[in-house]
Amino acid sequence: MKKFLSLMLVIVLVLSSAVVAFAAEPQEGEKKERVNIAKEFNEELHQIIDLRIEKNDLNTEILTIKDGMIDVKAEKEELSEAVKEAVKGIREELKGINGEVKALSESIRETKAAFKEAIKAQDMDEAEALLEQEIQYHETVNDYLEDKIALLNEILKTVTE
């Protein structure tokens with residue numbers, strides 16, 4: 001009886017491990033297939049990474065300019081009304097740029113999520129269109145940040161005069 005019970009236990013273990021092994025294969029194959037699909041968009045993904053690096057560099061430049069503005073404010077006791085009005089107008093433009101950048105950042109997040117879903121669904125045309133759209137969003141954000149740098153430099157120039 002013990003031998004029979006041991007034999008049945010071994011058979012059950014062998015069969016269950018075989019079932020688990022065969023059940024796991026399609027999942028690994030799906031992952032490999034998704035990776036292969038993502039490799040097709042390697043160039044676009046690298047372009048997005050380059051644009052994000054450029055965005056980080058622009059943000060670093062913005063922070064450097066803001067540090068300079070803080071130093072100038074510390075040196076100046078009081079700004080004239082004309083300077084304050086000029087700076088106020090430029091700050092309004094900056095608020096508009098910040099709003100646009102925020103909206104575009106949200107669009108980038110949504111596009112990225114849609115791209116991942118398109119990859120899972122293996123819809124290559126949709127995935128490619130979404131990547132191109134994300135690249136356009138990143139380029140637009142970088143353009144806005146360059147405009148912001150120009151405006152901040154204008155503020156700094158106005159305040160230092």
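No experiment lies behind these values; they were computed from the predicted model shown. Residue indices begin from 1 for each chain and proceed along its sequence in written order. pLDDT decides what is reported in this predicted model: residues at 70 or higher carry local features, side-chain atom pairs at 80 or more are listed and counted, and totals for whole chains, interfaces and linings draw on all residues regardless. Values reported for side chains reflect all heavy atoms of the structure, with hydrogen atoms and water molecules removed beforehand.

Regarding the overall build of the protein
Part 1 of the reasoning: Helix and strand assignments follow DSSP, with helices taken as H or I runs no shorter than four residues and strands as E runs no shorter than two, numbered in order from the N terminus. A count of helices and strands for the protein gives four helices and zero strands.
Part 2 of the reasoning: Secondary structure elements of the protein occur, N-terminal to C-terminal, as α-α-α-α.
Part 3 of the reasoning: With a 1.4 Å probe rolled over the protein chains alone, any residue whose accessible area is under 20% of its type maximum counts as buried; one over 50% counts as exposed, and the rest are partly exposed. The burial tally for the protein puts 24% of its 161 residues in the buried class.
Part 4 of the reasoning: Within the protein, contacts between residues at least 6 apart in sequence are counted, and of these 85% link residues at least 24 apart.
Part 5 of the reasoning: The Shrake-Rupley method, run with a 1.4 Å probe, gives the accessible areas here. Residue values count only the displayed protein chains as cover. As displayed, the protein offers around 11,500 Å² of accessible surface, 56% of which is attributable to carbon and sulfur atoms. Here, two residues are considered to be in contact whenever any of their heavy atoms come within 4.5 Å of each other.

Some thoughts on the pattern of salt bridges
Part 1 of the reasoning: Any Lys or Arg side-chain nitrogen found within 4 Å of a carboxyl oxygen on Asp or Glu counts as a salt bridge. Scanning the entire structure with this criterion turns up two salt bridges.
Part 2 of the reasoning: Note that E92 is salt-bridged to K95, the shortest N-O span being 3.8 Å. With E92 and K95 both in helix α3 (residues 81–120) and three residues apart, this pair spans about one turn of that helix.
Part 3 of the reasoning: A relative accessible area of 56% means that K95 is categorised as exposed.
Part 4 of the reasoning: Among the ionic pairs, E106 bridges to R109, the shortest N-O distance being 3.0 Å. On the criterion of helical spacing, the pair formed by E106 and R109 is a turn pair, its members being three residues apart in helix α3.

As for the packing of α3 against helix α4 (residues 124–160)
Part 1 of the reasoning: It is at 9 Å that the axes of α3 and α4 come closest, and there the two elements cross at 165 degrees. Considered as vectors, α3 and α4 are oriented roughly antiparallel to each other. Relative to α4, the crossing made by α3 is left-handed.
Part 2 of the reasoning: Taken together, the residues that form the contact of α3 with α4 break down as 23 nonpolar, seven polar and nine charged. Under this scheme, a helix contributes an axis fitted over its contacting stretch, all axes are lines through C-alpha atoms, and angles between N-to-C directions fall in the 0 to 180 degree range. Oblique is the label for every angle not falling under 35 degrees (roughly parallel), over 145 degrees (roughly antiparallel), or within 65 to 115 degrees (roughly perpendicular). Definitions for this section: a left-handed crossing has its near helix turned counterclockwise from the far helix by less than a right angle. A right-handed crossing has that turn clockwise. The residue classification treats Ala, Val, Leu, Ile, Met, Phe, Trp, Tyr, Cys and Pro as nonpolar and Asp, Glu, Lys and Arg as charged. All others, Gly included, are polar.

Side note on the packing of aromatic side chains
Part 1 of the reasoning: Two aromatic rings, drawn from Phe, Tyr or Trp (for Trp, its six-membered ring), form a pair once their centres lie within 6.5 Å of each other, and the interplanar angle then sorts them: stacked below 30 degrees, edge-to-face above 60, tilted otherwise. What the rule picks out here adds up to one aromatic pair.
Part 2 of the reasoning: Aromatic side chains F41 and F115 sit 5.8 Å apart centroid to centroid with 75 degrees between the ring planes, which places their arrangement in the edge-to-face category. One end of the pair, F41, is in the loop between α1 (2–40) and α2 (42–75); the other, F115, is in helix α3, and 74 residues separate them in sequence.
Part 3 of the reasoning: Residue F115 is classed as buried on the basis of its relative accessible area of 10%.

Quick word on the nonpolar core
For soluble globular proteins, nonpolar side chains are generally found buried alongside one another.
Part 1 of the reasoning: Counting 21 residues, the largest nonpolar core has V141, L152, I155 and V159 as its most contacted members.
Part 2 of the reasoning: Those residues in contact with L152 that sit more than four places away from it in its chain are I62, I65, K66, M69 and L94.
Part 3 of the reasoning: Nonpolar core, defined: a set of buried Ala, Val, Leu, Ile, Met, Phe, Trp, Tyr and Cys residues in which side-chain atoms within 4.5 Å join the residues together. Core analysis: the next-biggest nonpolar cluster, separate from the first, contains ten residues, I48, L51, A118 and L131 among them.

With respect to the packing of α2 against α4
Part 1 of the reasoning: Put simply, α2 and α4 touch, their axes get as near as 9 Å, and they point 15 degrees apart. With respect to α4, the axis of α2 lies roughly parallel. Regarding α2 and α4, the two cross each other, and that crossing is left-handed.
Part 2 of the reasoning: For the contact of α2 with α4, the per-class residue count stands at 17 nonpolar, seven polar and eleven charged.

Re the environment of R52
Part 1 of the reasoning: Mapped onto the secondary structure, R52 falls in helix α2.
Part 2 of the reasoning: Along the sequence, R52 and V141 sit 89 residues apart, while their C-alpha atoms lie 9.6 Å from each other.
Part 3 of the reasoning: In contact with R52, not counting residues within four places along its chain, are K112 and H138.

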